[in-house]
Number of protein chains: 2
Amino acid sequence: MSSDYKTTKGQDFDRGTFESLLRRKVFLWQSFEPYGAVKGLFDYGPPLETLEAEVINIWRDHFIRTEKMMALKCSMLTPYEVLKTSGHVDKFADYMCKDPKTGEILRSDHLIKDVLETRLKSDKEARGEKIEDAEEDQKKKKKQAKAAKAAVKLDDSVRQDYEHTLATLDDCTGDDMGALIKKHDIRNPTSGNEVEPPVSVNLMFQTQIGATGKEPAFLRPETAQGQFLSFQKLLEYSDGQLPFASASIGYSFRNELSPRSGLLRVREFLMAEVEHFVDPASGKKHPKFHTVRDVTLPLLSRTTQNEGGSTPETLTIGEAVDSKLVDNETLGYFLVRIQAFMAKIGIDMRKLRFRQHMQNEMAHYAADCWDCELLSSYGWIECVGCADRSAFDLSVHMKATGVPLQVREPLKEPRRVEEWTALLDKKKSGPKFKKDAGKVQAALDGLSQDVREKLSISLRDEGKVSVDVAGVEGGKVELGKELVTFQKESRTETMREYIPNVIEPSFGIGRILYSLMEHVYWTREDDIARSVMSFLPTVAPIKVLVVPLQKDARFATLLQTLSDRLDEDQISFRVDQSGVSIGKRYSRNDELGIPFGITVDYQSLEDNSFTLRDRDSTKQVRASLDEILEAVVKMCKGKMGWEEIRRMLPAFESKEEQEG
Amino acid sequence: MSSDYKTTKGQDFDRGTFESLLRRKVFLWQSFEPYGAVKGLFDYGPPLETLEAEVINIWRDHFIRTEKMMALKCSMLTPYEVLKTSGHVDKFADYMCKDPKTGEILRSDHLIKDVLETRLKSDKEARGEKIEDAEEDQKKKKKQAKAAKAAVKLDDSVRQDYEHTLATLDDCTGDDMGALIKKHDIRNPTSGNEVEPPVSVNLMFQTQIGATGKEPAFLRPETAQGQFLSFQKLLEYSDGQLPFASASIGYSFRNELSPRSGLLRVREFLMAEVEHFVDPASGKKHPKFHTVRDVTLPLLSRTTQNEGGSTPETLTIGEAVDSKLVDNETLGYFLVRIQAFMAKIGIDMRKLRFRQHMQNEMAHYAADCWDCELLSSYGWIECVGCADRSAFDLSVHMKATGVPLQVREPLKEPRRVEEWTALLDKKKSGPKFKKDAGKVQAALDGLSQDVREKLSISLRDEGKVSVDVAGVEGGKVELGKELVTFQKESRTETMREYIPNVIEPSFGIGRILYSLMEHVYWTREDDIARSVMSFLPTVAPIKVLVVPLQKDARFATLLQTLSDRLDEDQISFRVDQSGVSIGKRYSRNDELGIPFGITVDYQSLEDNSFTLRDRDSTKQVRASLDEILEAVVKMCKGKMGWEEIRRMLPAFESKEEQEG
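Values in this document were obtained by computation on a predicted structure and should not be read as measured data. (Residues numbered from 1 in each chain as written. Chains lettered and ligands numbered in written order. Predicted model: local features only at pLDDT ≥ 70, side-chain atom pairs only at ≥ 80, totals over all residues. Heavy atoms only, no water.)

Participant: Looking at this structure, how should I read the interface of chain B and chain A?
Facilitator: Size of an interface, as often reported, equals the accessible area lost when the parts are brought together. Counting residues at the interface gives 80 residues for chain B, matched by 82 residues for chain A. A buried area of about 7,000 Å², summed over both sides, lies between chain B and chain A, and 59% of it is on carbon and sulfur atoms. By the criterion of area lost to chain A, the three top residues of chain B are B:Tyr35, B:Lys73 and B:Tyr237, representing 13% of everything that side buries. Where B:Arg60 meets A:Glu49, a salt bridge forms, and the shortest distance between an N and an O atom there is 2.7 Å. At the junction of chain B and chain A, the tally comes to 35 residue pairs in polar contact (both at pLDDT 80 or more). When residues in the side of chain B that touches chain A are grouped by element, the largest group, 10 residues, is from helix α2 (residues 46-65) of chain B. (Contact = heavy atoms within 4.5 Å. Buried area = accessible area lost by both parts, 1.4 Å probe. Salt bridge = Lys/Arg side-chain N within 4 Å of Asp/Glu carboxyl O. Polar contact = N/O pair within 3.5 Å; in protein donor to acceptor, adjacent residues only side chain to side chain. Helix = DSSP H or I, 4+ residues; strand = E, 2+ residues; numbered from the N terminus.)

And the structure:
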């Protein structure tokens, strides 16, 4: 993949060079380096931490404020019972194989994929076919040298079998994978040892609350559950009116067993999740859908994927919803808002698409699901999932706790309903069942309408019925005509009760930030050693670089004035007073993505004018302090672009930059 | 305490009423309520989540941007070794007693305190003395009725013993507390059972990374350790120049065993921690100290506390540092900045003080420590700790890992140093020690200057020396003159190496938010049922309440225009179209702390003018849409106050408010 991926200027992208820039400019690093670093955990240094804060503020403004969502912060520590009910205790797991001799733990699907792909490449080589990505292959071969003998030709049937296995691996159960490992003699590539059969390992971090040992807990795997459990509070806050949405920006955890792919698969990650609660009877209409109907999106449908295609179709969301390609207006509205958010933070729109989930990718209860995928050197990566979770979560929690996570609303027209009642005769059942009388009535209350109707017939025909009552008279209770009556009654219903459906756009902030960094990275045409991070002024971690022409005490007062004024306008800046040329100073700060440079030179001392440099074009203008600052403030707020400024203020030609 | 605490208007504060407001307006609640709620874990609803975001943004601006701190985000999951080195595995613990019959776990110091205080109160009652806080006492007595027989008179000597025990409880070891429990026959007050002796229980949440069982880990108890381990990256980012500060806003965890006091003692909490790294040889001067020298602070010194006083002295920070009351300029500078931050977010300055730690409160390595305490109905509570951690953390991590967490800087003047060298003769030691020769040299390298000098004398006098070398020749190696030489050599040093000292202001965000909510809460003089949360416009969760005079379709267009304009200015707002009177709508939204109200009435339809209402004074002005919005924007940015607006725009008298 890496070799196909191009920078925004169409240049070859070299991940090694890019990663070395990220390290050199302390964007990020593996956590706890002095202790040998921990896989899947990363620290963010000043540029990335601040970039994240800017992106989160835009997210808050774009979603929470603009859409009037209810911001929520729920606990990360989560009791066992909550995640048992949600299904995470049983289903949030990966299959693992253990190498019994080394103790190494390998993800079963990764293991099968790695070994078979290596064999297929070796086969290609043996057949003298060109291998697409020679360099990458070299690396893999070195690593797996012990297990894979170079250039082994396979039978045609074996090759086809491998290819089929790889194509269908995602659908395999643990047993399926165990069989594949036996069948193809798949071993741990680093040791050559046979591995134990796949076992399911839960991916949640377990701990306990308190010291009694009675409160097992997990670190949450998603922020959603806390939002569902707050449903009644939110309903209250919205005066009982649906639809409404909650939104939560917080950390979730996933105990990856062998993390790879850098920032794309980590053990501790920031998410921004929206839960939009809607009345399923409303057709999931959205009140603002008409405002976005004509916006076009690149949509890669399930049908296209089933036909082997990977090129998205560009449609207006109106067309997509009308044709039922996108299930409903609310889902469609969010897809548009997600795309707008991505554009706002500077994502390259040519590297964005929406991909519909295949049937086997979705949870069984999900109605439809679209991922917003961003293209990076790792390929197309899911960065936002936008799923219709139906009423699943609220229903299971309501069932488990008995707390009504539902809406009660007055019916517009009262409605007559006919229902079978099943009642014990209190006077006679009391003496007979004593303290168990309540249990018997509860058992009757639990009978469905159908069963009540059938029992009424039995009672009429046989004079008695038998009802299951746990813990009373051996579990089965006989009731005669004197004890029980079944009756059809009609009553007027004035309230409607329903469990809302949930549409959930869920953002992986780390993945978005990583993709963004790849998208804004490029190198100067005249010197590929000069890298640039073209962050938009609105998200750039530092807005202004201040460079005095050279070290000279006479600049001190002007520098102080400039600093005070930038502080007043709340513009973050960095002063670079090092001895190197201005060109060099600009150049190395381009790697931090600082969009604007202000130079203080000898003319500044005379007329209080400064030059303002644009990072991307390296063009400069010269103007008064007030004009320069006004321009910077407007560009940092996204209210004006460089081209406008350039037309407004006089150009300035610098020799320094070319020399640098 | 509760009964002494007053609102900002001097009214009695009733915590029950206040907490009921917080619940009703969904500021916060205990997490996982449908599952029975978990102690010490809280969810924030929309008003509090947004308040937190506003406060954090001000913190970022006040500290990170203005002070050019390096923002960092480090992992919460932390390997065992890191926290073993930092001392947390051994020392971050509380003493607990177990009730062997009920399995209940009690904090030993709380247990002793509760039981002895109950007995002392009972004694007072028996003596017929007035009990200060009768109501509170009633509650306690009810709870502990089983254990404490009402009104038992104590001997004078016993009473004095109890009082002395309570006064010195903080200095007790686990064994001391065990002895006290035996001596005073202290039992679990809820069961009456004897308890087991105190054992130390670590307060960190434990988990493990991966599935191998080889990576035990904790959730971090503070954000500081990650910052220390990033020291080399930060030094690189600052081009090797000290002082500099890192700053981290993130979650920490503390597995409280019996949490109480609501938001003040929780298991999962947001902190904002600054680590300011400074050369100890600089006298911990601060370059901006002169800008704050004349600012006054309420300082409660160790001396005053030792003398039993609790009234802080108001001093300028210049005086305090000059007299060495505050240890150094850097610590002093931060105290001033902390006070300014508290004022900015709306803390009542009459409810803020700085308290110096007593000697026995500080970690053994700490040079000085001041807490910024805020007064609430729980008393004076530490909300920011500002400690001088000296070089402790960097030193221990450097020792444990061998990674140099230190600064190397060129000396201004090269300096001659004389040093004893200890060298093996390579030709002769090689054949003798073979592969162990390196270990022997390493052991020699590890000898201090003093030891080398002594050994040189032994070698001269006795012809041989004996050196400890782990794992070679039984741990002790004999070296004769032919194998080793000790020599005094002088060389020129051009670099200086030192481990920086760290000044650490550490903010507990949850405690600050809770105190702030108590500080801004009051009730209207004319109707104590009408509560107000007087958040400053800069931090208020929602800035504007929009109220149409009544439900009338003719208002729809104006409401839409108003909404669009507020959105354009990025001002958050809420529309209240419910049927109740305007006065009532304002009144119930005062509880959310919305600072401004805009009314749309019939005159608005005629001349596009609106009224703007100030929450605190309930005064109104009437002006054009443009004027109203400009006023709101300026007030929400903190650039203008209501009094200025009121002088600028014409007043408006409303009948509705009084009627509401």
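Additional details are given in the paragraphs that follow.
Participant: Could you clarify how one ought to interpret the relation of the copies chain B and chain A in this entry?
Facilitator: Least-squares fitting of chain B to chain A yields an RMSD of 0.3 Å, with the superposition described by an axial translation of 0.0 Å and a rotation of 180°. Put plainly, the chains are arranged around a two-fold axis. When C-alpha positions in chain B are compared against the rotation axis, the closest is assigned to B:Thr207, at 2.7 Å. In this assembly the copies share their binding face: 100% of the residues contributing to the interface of chain B also contribute to that of chain A. (Least-squares fit on C-alpha atoms with pLDDT ≥ 70 in both.)

Participant: Where do I start with the pattern of salt bridges in this structure?
Facilitator: Note on pairing: side chains with opposite charge can pair once their charged atoms come close. Residue and element names in this part refer to chain B. Enumeration according to the criterion identifies 114 salt bridges over all chains in this entry. The salt bridge involving Asp-388 is made with Lys-284; its shortest N-O contact spans 2.7 Å. One end of the pair, Asp-388, is in strand β16 (residues 379-390); the other, Lys-284, is in the loop between β11 (268-278) and β12 (296-300), and 104 residues separate them in sequence. Grouping residues by exposure puts Asp-388 and Lys-284 together as buried. (Buried < 20%, exposed > 50% of the residue type's maximum accessible area, 1.4 Å probe, protein only.)

Participant: Is there a simple way to explain helix α20 (residues 582-590) of chain A in this structure?
Facilitator: In an α-helix there are 3.6 residues to a turn, and that puts residues three or four apart on one side. Within α20(A), 7 of the 9 residues are buried, which leaves the element mostly enclosed by the surrounding structure. Along α20(A), the residues that are buried comprise A:Ile582, A:Gly583, A:Arg585, A:Tyr586, A:Ser587, A:Asn589 and A:Asp590.

Participant: Just to check I follow, could you spell out the nonpolar core for this structure?
Facilitator: Note on soluble globular proteins: their nonpolar side chains tend to be buried together. Ranked by size, the top nonpolar core spans 224 residues in total, and within it A:Met342 and B:Met342 carry the most contacts. The contact partners of B:Met342, leaving out residues within four places of it in the chain, are B:Ile347, B:Met349, B:Leu352, B:Cys372, B:Leu374, B:Val384 and B:Ile512. (Core = buried A, V, L, I, M, F, W, Y, C linked by side-chain atoms within 4.5 Å.)

Participant: Whenever I open this one, the packing of aromatic side chains confuses me. Can you help?
Facilitator: To describe a pair of aromatic rings, you give the distance between the ring centres and the angle between the ring planes. Residues and elements named next belong to chain B. Under the defined criterion, the tally for this structure stands at 40 aromatic pairs over all chains. Look at Phe-63 and Phe-341: their rings are 6.0 Å apart centre to centre, the planes differ by 55°, and that puts the pair in the tilted class. Residue Phe-63 is found in helix α2, and its partner Phe-341 is found in helix α13 (residues 329-345); the two are separated by 278 residues along the sequence. The same class applies to Phe-63 as to Phe-341, namely buried. (Phe/Tyr/Trp six-rings, centres within 6.5 Å; stacked < 30°, edge-to-face > 60°.)

Participant: Is there a simple way to explain the packing of helix α19 (residues 556-568) of chain B against helix α22 (residues 625-636) of chain B in this structure?
Facilitator: When two helices pack together, their arrangement is given by the angle between their axes and by how far apart the axes lie. Residue and element names in this part refer to chain B. The geometry of α19 relative to α22 is characterised by a closest axis approach of 11 Å and an angle of 35° between their N-to-C directions. As α19 runs across α22, the sense of the crossing is right-handed. Taking contact as the criterion, the partners of Thr-561, Leu-562, Arg-565 and Leu-566 in α19 are, on α22, Leu-625, Asp-626 and Leu-629. Residue classes in the contact of α19 with α22 are distributed as 4 nonpolar, 1 polar and 2 charged. (Axes fitted to C-alpha atoms, helices over the stretch in contact; angles between N-to-C directions. Left-handed = near helix turned anticlockwise from the far one by under 90°. Nonpolar A, V, L, I, M, F, W, Y, C, P; charged D, E, K, R; others polar.)

Participant: Looking at this model, I keep getting lost on the sheet that holds strand β8 (residues 206-208) of chain A. Mind explaining?
Facilitator: Backbone-to-backbone hydrogen bonds pair the strands of a sheet. The strands run either parallel or antiparallel. Residues and elements named next belong to chain A. Across the sheet, 3 strands lie side by side as β4-β9-β8; this open sheet has antiparallel pairing. Edge positions in the open sheet fall to β4 (77-79) and β8, since each of these has one partner strand only. The sheet shows a mean angle of 45° between the axes of neighbouring strands, direction not considered. One ladder, built from 3 bridges, connects β8 with strand β9 (residues 216-219); its direction is antiparallel. Along β9, the bridge assignment pairs Gln-206 with Phe-218. (Pairing = 2+ DSSP bridges.)

Participant: Teacher, can you tell me more about the state of the cysteines here?
Facilitator: One covalent bond between the sulfur atoms of two cysteine residues makes up a disulfide. This structure, assessed with the given rule, holds 0 disulfides over all chains. B:Cys369 supplies the cysteine sulfur nearest to B:Cys386, a cysteine that is in no disulfide, at a spacing of 7.4 Å. (Disulfide = S-S within 2.5 Å.)

Participant: Would you mind showing me how to read the environment of B:Ala422 here?
Facilitator: Residue and element names in this part refer to chain B. As for its position among the elements, Ala-422 is in strand β17 (residues 407-424). Between the C-alpha atoms of Ala-422 and Ile-598, which are 176 residues apart in sequence, the distance is 83 Å. Excluding residues that lie within four positions of it along the chain, Ala-422 makes contacts with Gln-441, Leu-444, Asp-445, Arg-452, Thr-485 and Phe-486.

Participant: Looking at this model, I keep getting lost on the domain arrangement of chain A. Mind explaining?
Facilitator: All names here are of chain A. Split into domains, chain A comes out as domain 1 (15-85 + 205-392), domain 2 (93-202), domain 3 (407-494) and domain 4 (542-659). Taking the mean C-alpha position of each, domain 1 and domain 2 sit 31 Å from one another. Contact with domain 1, which involves 6 residues of that partner, is made by 7 residues of domain 2. Regarding the contact of domain 1 and domain 2, the summed buried area is about 640 Å², with carbon and sulfur atoms giving 40% of it. (Domains from an automatic or database assignment.)

Participant: Explanation requested: the sheet that holds strand β8 (residues 206-208) of chain B in the structure shown.
Facilitator: Residues and elements named next belong to chain B. One open sheet accounts for 3 strands, arranged β4-β9-β8; its pairing is antiparallel. Each having just a single partner strand, β4 (77-79) and β8 make up the two edges of the open sheet. Sheet twist, expressed as the mean angle between neighbouring strand axes with direction ignored, is 45°. Across 3 bridges, the pairing between β4 and strand β9 (residues 216-219) is antiparallel. Across the sheet, Pro-79 pairs through a bridge with Ala-217, a residue of β9.

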